[in-house]
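# Reading the structure
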Protein chains: 2
Amino acid sequence: MSLCSFEPFSEKMNSKEILQNHISKTISLTDEEFEYFFSHFKVQSFKKGQTVISAGDKVNCEYFVISGCLKAFFINDEIKMYILQFAMPTWWTSDYDALYNKTIATINVDCITDVEVLCLSNEDREKLCKEFHQIEHFFRWRTNKGYIASQKRLLSFMNNNTKKRYEELLALYPQLYNLVPKHLIAAYLGVSRETLSRLYNS
Amino acid sequence: MSLCSFEPFSEKMNSKEILQNHISKTISLTDEEFEYFFSHFKVQSFKKGQTVISAGDKVNCEYFVISGCLKAFFINDEIKMYILQFAMPTWWTSDYDALYNKTIATINVDCITDVEVLCLSNEDREKLCKEFHQIEHFFRWRTNKGYIASQKRLLSFMNNNTKKRYEELLALYPQLYNLVPKHLIAAYLGVSRETLSRLYNS
DNA sequence: TGGGTTACGTGATGTAGGTCACATTCTTTT
DNA sequence: AAAAGAATGTGACCTACATCACGTAACCCA
């Protein structure tokens, strides 16, 4: 699991410390405030292969990854899969469209490895944002970063060919190479597994 | 210019009313608070073809569009152009990566038509967010919406062929068809102008 | 420990879209 | 009103990638 970790020593930290360490990079809360914040999260464990969000279901929570790796993906015509995000430790994942707009999920989230997450409901996030200006600030910045990353990926999609996008992905997240099967990397890049296979045998 | 407008009667409103109408959809400010908020914006006018942000420059502001239409785009190898966003009345635009991370611009913004914008500096936005919890809330929601839209476009890119993406774009923004030249629509879709041309002649 | 599922490699062939080249029309400038 | 410059249409040809098909290797798990 330590393969997925972006923040040092996380395997020595418990989930509370991992979250505290994560948010302290953006805002400062007193220990008391953080305790209150943390009390709204629920620890959940999943086994490899288990489903966290199914397309068609109602979505109530977002998930902060403590350990393991998940994928958020879309299934086209019940056939092809496209991966929107690999979620690694200290990343957040959900179907944010469904979550914020209170519609049913159009994307799925499931577990590539055994996973531990902290789960925060939509209502609790909004409540916390209302109660603590700092927490609203934190979530604004988190989304900002996600937005910027998403724009960059879009650009890379238009501008780069598959080979370049593959190299870019591995440069950014070298741990993916050993952690997730190649056909999932293909699904992230938006190409067939055959094309990806031919790519790195040359 | 009324072609670009998504909010009714905007041509009868002045820039202050347009902004007030826009933010009142997410938060409620007193008239006094709004006056203070508005006092941080600077009106700017541009002629068709003028540059607002150049790749390589420092980026200090984000722009709220009052009238007209801009494009935010990336130039690859000094040759190919990819459009990240068409910015229409009541939309926000900038190079957010450069703006938030205080780096130089990698994307350009220029004017497809004559344009009027309200300009807000990064420092003033952060100051206002700090001073008014409500304003921080507004900007969190604005970015949320942008993030969700960006994810959807990414999915559409992977999942749909050019024809479908073209129809999707026109269904969402019918006014684009008459407002912007076809080769810019091609640059938004990420295909060559020739391909797009052949597409709707069939 | 063996049988079934999942992951991966590779050939043959089809196709969407890119690139280049040139013609036509529409728009802007002087 | 003429000239120059954009924007668009269209043919010929090329390339990256998809799809189908089949084979092999690795990994569960009963």
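Here the structure is a predicted model, which means the values were calculated and not measured.

### With respect to the protein's contact with DNA strand C
The environment of DNA strand C is formed by 19 residues, the closest being K182(A), R193(A), N201(A), T162(B) and T195(B). Close to the protein, within 4 Å, the atoms of DNA strand C are drawn from sugar and phosphate at a rate of 55%. The separation between a phosphate oxygen of DNA strand C and a polar main-chain atom of K182(A) is 2.7 Å. A distance of 3.3 Å is found between a phosphate oxygen of DNA strand C and a backbone nitrogen or oxygen belonging to H183(A). Those elements that provide at least two residues to the surface near DNA strand C are helix 8 (182-189) and helix 9 (193-199) of chain A together with helix 9 (193-199) of chain B. Counting residues per element, the surface near DNA strand C draws most heavily on helix 9 of chain A, at 4 residues. Taken together, the residues that form the surface near DNA strand C break down as 3 nonpolar, 8 polar and 8 charged.

### Focus: the domain arrangement of chain A
It is common to report an interface's size as the accessible area lost on association of the parts. All names here are of chain A. Structurally, chain A comprises domain 1 (2-148) and domain 2 (160-202). Each partner contributes residues to the interface: domain 1 has 15 residues there, and domain 2 has 10 residues. Inspection of the region where domain 1 meets domain 2 yields 0 salt bridges. Ranked by residues supplied to the side of domain 1 that touches domain 2, first place goes to strand 5 (residues 80-87) with 6 residues. Here the side of domain 1 that touches domain 2 is built from residues that sort into 12 nonpolar, 2 polar and 1 charged.

Conventions we followed
- Residues numbered from 1 in each chain as written.
- Chains lettered and ligands numbered in written order.
- Predicted model: local features only at pLDDT ≥ 70, side-chain atom pairs only at ≥ 80, totals over all residues.
- Heavy atoms only, no water.
- Near = heavy atom within 4 Å.
- Polar contact = N/O pair within 3.5 Å; in protein donor to acceptor, adjacent residues only side chain to side chain.
- Helix = DSSP H or I, 4+ residues; strand = E, 2+ residues; numbered from the N terminus.
- Nonpolar A, V, L, I, M, F, W, Y, C, P; charged D, E, K, R; others polar.
- Domains from an automatic or database assignment.
- Contact = heavy atoms within 4.5 Å.
- Salt bridge = Lys/Arg side-chain N within 4 Å of Asp/Glu carboxyl O.

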